[in-house]
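Take a look at the letters that make up each chain.
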Amino acid sequence: MTDRFAYPQDREARNAARVRALEALLIEKGVITDQTVDKVMQTFATEMGPFNGAKLVARAWIDDVFKALLVTDTMAAVAQLGLPTGAAGAEGEHMRAVANTPQVHNLIICTLCSCYPWPVLGLPPYWYKDPSFRARAAREPRAVLKEFGLEVDPAKEIRTWDSSAQIRWFVVPERPDGTQGMSEDDLAKLVTPEAMMGVAVALPQAA
Amino acid sequence: MKLQHTLGGLEGLDPVQPEFRVFVEPWEERIFGIHTAMMALSPQLNLPQTSSTFSTVWTWADLRKGAEAMNPFDYFKYRYYEKWLGGISGYFVANGYITQAEIDARTDEYLADPAKPLPSGGTPDVDDRIHTYLMDGDSPWHQWADKPRFAVGDIVLVGDPPTVEHTRLPGYLRNKVGVVETVYDDAFSYLCSTGPDGIGPAMPVYCVKFDPQHLWPGNAEPGFSIYADLFDAYLRPVVDRAAA
């Protein structure tokens, strides 16, 4: 019987060599260029990423009208903030934000694959793609959040959103206590990708 | 129905792994970049022609079909981007861009000399198109003149169409009853026809709320609700249920 869970000893070296072989062949055959992969990664470092989402959340924290628009017409709010063009680009053409409140905690999942709002959150971290997370968050979100170190008050309702069609979701976390008087830029620094997916809350103000 | 279609709610799994990195090995960036380039260069998009030799369709649906076709044990065995590497390499071989012998031989070369440089080549129009795709996206939105079949508050029964190679209907919702929470504006198409599964052409999409106690009686946490975005083709009026 084959051991289906045995990995070759040189697993990562072989993966690395194989992807390099593929990239080399695709450049030689004229499918992509020698700049393609680096340029794609550059776009995610500068134009599409969690830095955009953090700006949306920070603005929502200081502007109730903007916050209301962000949850009722997410794309209109994104357009209003003057983010880079890609802020409504690939994997974010149709986004919907849900706001945490003292009564409700929101959690975004994708049980079928790994749908994630690229323009405002960048690329999904490994935890989001983990089959255990995807399976368990649907049935026992509190237990899963506890494993992330987040205890949700039992009196709070959890809403789990499964991204099964083409809407891409993100969470507007609650503004942390003790952040009165902070600038919008400093507020944005408190917002992590995890907070915008609902497995964490926004960080309290750094001491 | 495959395990990959019905992950939601699966029992007996391990604790989650709070791994916050996007890439855990440097090579993973490369396959991500290749996949994104393929999507951007796919010929069905309304974007300028380039010098790229890529001439076959590649969308998320193709990547997902590959993952859904995997032996479920392999699906759990391989890391996320390992699955991508397998699916994408196989696609380039199956579509005649490269041969298996070429990639095997080249893999051995890079295994022996990981520092061996990549070849040079290509013109900027290719990368310009990829950037345009990332900035503009590929909206599946379509105008829709008809009234959607369901309204907010309607009780709906989720269908159970056959899954052939691809579906956007999570297994845990099949044959279950929910309440329409949102009727999205107009209509959305899907990236390909899923055949008897029922999606592809533009149709309304709804966000439907489900009670976890109905989905997993006695075996779901209290105090939460689960919502899913579902295409019109997946939903039935609840009267169908009584007639069934």
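Here, residues in each chain are numbered from 1, in the same order as that chain's written sequence. Ligands are numbered from 1 and chains lettered from A, in the order in which they are written. Only residues with pLDDT of at least 70 get local features here, since the model is predicted, and only at 80 or more are side-chain atom pairs given and counted; chain-wide, interface and lining totals rely on the full set of residues. The side-chain values count all of the structure's non-hydrogen atoms but skip hydrogen atoms and water molecules.

Caption draft 1: Representation of the side chain of Asp229 of chain B. Strands are runs of DSSP state E lasting at least 2 residues, helices are runs of H or I lasting at least 4, and numbering of each runs from the N terminus. Here Asp229 of chain B shows up in strand β6 (residues 224–231). Despite its burial, Asp229 of chain B remains without a salt bridge, the nearest opposite charge being carried by Arg96 of chain A at 5.1 Å. For this analysis, a polar contact is any N or O atom pair within 3.5 Å, provided that within protein one partner can donate a hydrogen and the other can accept it, and provided that sequence-adjacent residues contribute only side-chain to side-chain pairs. Within polar-contact distance, the side chain of Asp229 of chain B engages the side chain of Trp169 of chain A at 2.9 Å. The contact criterion used is simple: two residues touch if any of their non-hydrogen atoms lie within 4.5 Å. Filtering out sequence-adjacent residues up to four positions away, Asp229 of chain B remains in contact with Asp162, Ser164, Ala165, Ile167 and Trp169 of chain A together with Tyr184, Val205, Tyr206 and Cys207 of chain B. For each residue, the accessible area found with a 1.4 Å probe, counting protein chains only, is set against the maximum for its type, and the residue is called buried under 20%, exposed over 50%, and partly exposed in between. For the purpose of counting charges, residues Lys and Arg are taken to be positive, whereas Asp and Glu are taken to be negative. His and the chain ends are not included. Counted as salt bridges are all cases of a side-chain nitrogen of Lys or Arg within 4 Å of a carboxyl oxygen of Asp or Glu.

Caption draft 2: Summary view of helix α5 (residues 100–112) of chain B. Each helix should span, by expectation, one fewer than its residue count multiplied by 1.5 Å. For α5 of chain B, spanning 13 residues, the distance from its first C-alpha to its last is 18 Å, which sits close to the expected 18 Å at 1.5 Å a residue. Buried-residue contacts for α5 of chain B involve α1 (11–28) of chain A together with α4 (80–94) of chain B.

Caption draft 3: Representation of the UniProt feature "domain: Nitrile hydratase beta subunit" (unreviewed entry) in chain B. UniProt positions are given in the numbering used here, feature names are shortened, and annotations may be inferred rather than shown by experiment. Following the UniProt record, the feature "domain: Nitrile hydratase beta subunit" (unreviewed entry) maps to residues 144–236 of chain B here. End C-alpha atoms of residues 144–236 of chain B are separated by 20 Å, and the span's content is 4% helix alongside 31% strand.

Caption draft 4: Quick look at the interface of chain B and chain A. At the interface, 114 residues of chain B touch 94 residues of chain A. Summed over both sides, the interface of chain B with chain A buries roughly 9,000 Å², with 60% coming from carbon and sulfur. Considering only the surface of chain B that becomes buried against chain A, Val16, Lys77 and Met135 of chain B emerge as the three largest contributors, covering 8% of it. Our enumeration of links across chain B and chain A arrives at 8 salt bridges. Note that Glu82 of chain B and Arg11 of chain A form a salt bridge whose closest N and O atoms lie 2.4 Å from each other. Two parts placed together each lose some accessible area under a 1.4 Å probe, and adding up what both lose gives the buried area.

Caption draft 5: Seen up close, the pattern of salt bridges. The final tally for this structure, using the stated rule, is 24 salt bridges over all chains. With a closest N to O distance of 3.0 Å, Lys189 of chain A and Asp186 of chain A form a salt bridge. Owing to a relative accessible area of 61%, Lys189 of chain A belongs among the exposed residues under this scheme. Look at Asp186 of chain A and you get partly exposed, because its relative accessible area is 33%. Between Arg79 of chain B and Glu28 of chain B there is a salt bridge, with the nearest N and O atoms lying 2.9 Å from each other. Of the two residues, Arg79 of chain B is situated in the loop between α3 (72–77) and α4 and Glu28 of chain B in helix α1 (residues 27–41); the sequence distance between them amounts to 51 residues. This pair shows no difference in class: Arg79 of chain B is buried, exactly as Glu28 of chain B is. Linked through salt bridges whose partners overlap, the residues forming this network are Arg11 and Glu12 of chain A together with Glu28, Arg79 and Glu82 of chain B.

Caption draft 6: The UniProt feature "domain: Nitrile hydratase alpha/Thiocyanate hydrolase gamma" (unreviewed entry) in chain A, seen in detail. Mapped onto the present numbering, the UniProt feature "domain: Nitrile hydratase alpha/Thiocyanate hydrolase gamma" (unreviewed entry) falls on residues 15–200 of chain A. The span residues 15–200 of chain A carries 43% helix and 12% strand; its end-to-end C-alpha distance comes to 32 Å.

Caption draft 7: Seen up close, the UniProt feature "domain: Nitrile hydratase beta subunit-like N-terminal" (unreviewed entry) in chain B. Per the UniProt record, "domain: Nitrile hydratase beta subunit-like N-terminal" (unreviewed entry) is found at residues 1–120 of chain B. Taken end to end, residues 1–120 of chain B is 49% helix and 0% strand, and its two terminal C-alpha atoms sit 45 Å from one another.

Caption draft 8: Spotlight on the packing of aromatic side chains. A pair of Phe, Tyr and Trp rings is counted when the ring centres sit within 6.5 Å of each other, with Trp represented by its six-membered ring. The angle between the planes then sorts it: under 30 degrees is stacked, over 60 is edge-to-face, the rest tilted. Tallied over the full model, the rule gives 33 aromatic pairs over all chains. With 6.3 Å between their ring centres and 45° between their planes, Phe54 of chain B and Tyr91 of chain B make a pair best called tilted. One end of the pair, Phe54 of chain B, is in the loop between α1 and α2 (60–69); the other, Tyr91 of chain B, is in helix α4, with 37 residues separating them in the sequence. A relative accessible area of 11% places Tyr91 of chain B in the buried class. Grouped by ring-pair contacts, the aromatic residues Phe44, Trp118 and Tyr126 of chain A together with Phe23, Phe32, Trp60, Tyr80, Tyr81 and Trp84 of chain B constitute a single cluster. The criterion for a charge sitting over a ring is simple: Lys NZ or Arg CZ within 6 Å of the ring centre, and within 35 degrees of the ring normal. Cation over ring: Arg11 of chain A sits above Tyr7 of chain A, and NZ or CZ is 3.7 Å from the ring centre.

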